[in-house]
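Residue strings, one per chain:
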Amino acid sequence: MLNRRLKTLFRVVPLAFILLGASQALGAPVFSQSPPATTGGYKSDFAFNFVNQQAQRFSLASDTSIQAVVAWGAYGSGLPTDNFTIRIFADDGGGSPEVLPLIELSGVAAVRVDTGGLELGTNPIYQYTFNLAAPIALLGSTDYYLSVVNSTNVAESWSWVEGATTNDLRWSRDADGNAWFAPQPDNLAFELHDAPIVIPPTTTPAQPVPVMPVGLFLGLILGFIAIARVFASRGQ
């Protein structure tokens, strides 16, 4: 009887993990301007010749440590090697980002996945998941500005695509150290998470990457161990 119950348990456990891994409800972001739209994007690539940096305003509901960022973008052509810089700017007191970043992370590794969507019907839209090396502590109810900038080449330069809704402002500029241009009423597609994102070993290219915080993943494992112990005790 015990062996039969354990065999049933070990058949159910893998299925539960598969279903949970496929659920987009897991790993809810603390701030979101997703999903991405297909209506276009804005150049955010150091290799581009003119306006080449974008920033999006955001505010968190409470004090939060950011541990992962998800963004969506597309290339002018091809599929170049990425070299991302993630920056967070403070507000300058007048409702615009400061010239110098509050936080700057260079060479941030990204997991890149083709979403199956097309920017303006032409360029594939990719999802980029960045797990940060250390948490970034931010205050709640405070305006910050996220900037995600790639560094590829002029022909293949990267665009940060729009979010599906437009309810805030986007800033842009043409070089480090320069003032930001007047803001535009646009949303850039991104998410902020307060836990690292577990990336499944394989994904379907036409679908976004499912995400699961590490704490939830460990909790599930401990829960399944507890269930196994209950089965074992009943069989004694």
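Refer to the structure above for everything that follows.
Residues numbered from 1 in each chain as written. Predicted model: local features only at pLDDT ≥ 70, side-chain atom pairs only at ≥ 80, totals over all residues. Heavy atoms only, no water.

## Section: the sheet that holds strand 3 (residues 53-58)
Part 1: Spatially, five strands are ordered 6-5-9-3-11 in an open sheet, and the strand pairing comes out antiparallel. Each having just a single partner strand, strand 6 (103-108) and strand 11 (170-173) make up the two edges of the open sheet. Ignoring strand direction, the axes of neighbouring strands in this sheet form an average angle of 20°.
Part 2: Pairing of strand 5 (residues 84-90) with strand 6, which is carried by five bridges, proceeds in the antiparallel orientation. Within the sheet, the bridge partner assigned to Phe84 lies in strand 6 and is Val108. (Pairing = 2+ DSSP bridges. Helix = DSSP H or I, 4+ residues; strand = E, 2+ residues; numbered from the N terminus. Axes fitted to C-alpha atoms, helices over the stretch in contact; angles between N-to-C directions.)

## Side note on the pairing of strand 11
Part 1: Burial along strand 11 is two-sided: Arg170 and Ser172 facing one way and Trp171 and Arg173 facing the other are all buried.
Part 2: In this sheet, strand 11 lies alongside strand 3 in antiparallel orientation, the contact comprising four bridges. Paired with Gln54 across the bridge in strand 11 is Ser172. (Buried < 20%, exposed > 50% of the residue type's maximum accessible area, 1.4 Å probe, protein only.)

## Some details on the packing of aromatic side chains
Part 1: One pass over the full model with this rule turns up 14 aromatic pairs.
Part 2: When the centroid spacing of 6.1 Å and the interplanar angle of 65° are considered together, the rings of Trp160 and Phe190 count as edge-to-face. Residue Trp160 is found in strand 10 (residues 158-163), and its partner Phe190 is found in strand 12 (residues 190-193); the two are separated by 30 residues along the sequence. We note that Trp160, like Phe190, is buried.
Part 3: Here a set of aromatic residues connected by ring pairs shows up, and it is made of Tyr75, Phe84, Tyr126, Tyr128, Phe130 and Trp158. (Phe/Tyr/Trp six-rings, centres within 6.5 Å; stacked < 30°, edge-to-face > 60°.)

## A word on the nonpolar core
Part 1: Among the nonpolar cores identified, the biggest contains 25 residues, and Phe58, Phe130, Leu146 and Leu192 are the most heavily contacted of them.
Part 2: At the level of secondary structure, the elements contributing two or more residues to this core comprise strand 4 (64-75), strand 5, strand 8 (123-138), strand 9 (144-149), strand 10 and strand 12.
Part 3: Sort the elements by how many residues they give to this core and strand 8 lands first, with six residues.
Part 4: Beyond its immediate stretch of four places on either side in the chain, Leu146 contacts Gln54, Ala55, Gln56, Phe58, Val69, Ile86, Arg87, Ile88, Trp160, Phe190 and Leu192.
Part 5: Formed by eight residues, the second largest nonpolar core is a distinct cluster that contains Trp72, Ala74, Ile125 and Ile197. (Core = buried A, V, L, I, M, F, W, Y, C linked by side-chain atoms within 4.5 Å. Contact = heavy atoms within 4.5 Å.)

As far as function goes, none of this settles anything; it's purely spatial.
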